[in-house]
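Listed here are the chains, written in short residue letters.
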Amino acid sequence: MIVNTVLNLIHQYGYLFFFLAFSLGPFGIPIPNEVTILTSAILSRSGFINHWVAYISILIGLLTAITVAYFTGKLFGHKFKHKFSHNKHYLIAESILRKRGHVAMCIGMFIPIVRYFMPLLIGLSGINYQKFAFITYSSALLWTIIFFALGSFFGIPILSMLEDIK
């Protein structure tokens, strides 16, 4: 069960688990962000873990991941851009970013997988850091608040149902 797995990981690594799950997500950590944040909210609401420490660990992990992706695009963009310049998905994404930059950056944070590739593309496109940070960090804050609140609100009934199944 996912709750027991997360509890074991928290027991082993502490709140560092949440930070690592979010900051290493784009590099192949196989736990979806949505599952991790909802589970942490459920566990914090149930009193198993500290609500604020879990949330801050998650938020800082996500901000770290998107910042690393942005600067990777910024620093190594010329290599990526040349390699992907004929890829139709890349060209479509670049076109959307050019036409609807602010909205695309914001909405991209709410779409799984896209939330990690969008900052890379933003860095590639040459958008300055201040603009990137303002829009994507605000969106990340909103996304984490929404999902943590959903997990806190709906988590107790779900956890009770799971306990009844055992």
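Residues numbered from 1 in each chain as written. Predicted model: local features only at pLDDT ≥ 70, side-chain atom pairs only at ≥ 80, totals over all residues. Heavy atoms only, no water.

In the annotation of an unreviewed UniProt entry, the entry for the chain reads VTT domain-containing protein, and the organism field reads Paenibacillus vandeheii.

The positions UniProt marks with the feature "transmembrane region" (unreviewed entry) are residues 12-32, 52-73, 103-128 and 140-162. Helix makes up 69% of residues 103-128 and strand makes up 0%, while its end C-alpha atoms are separated by 16 Å. (UniProt positions renumbered as here; feature names shortened; annotations may be inferred. Helix = DSSP H or I, 4+ residues; strand = E, 2+ residues; numbered from the N terminus.)

Taking 1.5 Å per residue, 13 residues should reach 18 Å; helix H3 (residues 33-45) reaches 18 Å between its end C-alpha atoms and fits that length. Among the 13 residues in H3, 10 count as buried, and that is most of the element. Count one or two residues on from H3 and you reach Gly47, which has phi positive near 90 degrees. (Expected span 1.5 Å × (residues − 1). Buried < 20%, exposed > 50% of the residue type's maximum accessible area, 1.4 Å probe, protein only.)

The next thing to look at is the nonpolar core. The biggest cluster of nonpolar side chains holds 22 residues, and the ones touching the most others in it are Phe18, Phe22, Ile37, Leu62 and Phe148. Looking at this core, the elements that each hand over two or more residues are helix H2 (16-23), H3, helix H4 (51-84) and helix H8 (129-165). Counting residues per element, this core draws most heavily on H4, at 7 residues. Ala104, Met105, Met118 and Phe132 belong to the second largest nonpolar core, which has 9 residues in total. (Core = buried A, V, L, I, M, F, W, Y, C linked by side-chain atoms within 4.5 Å.)

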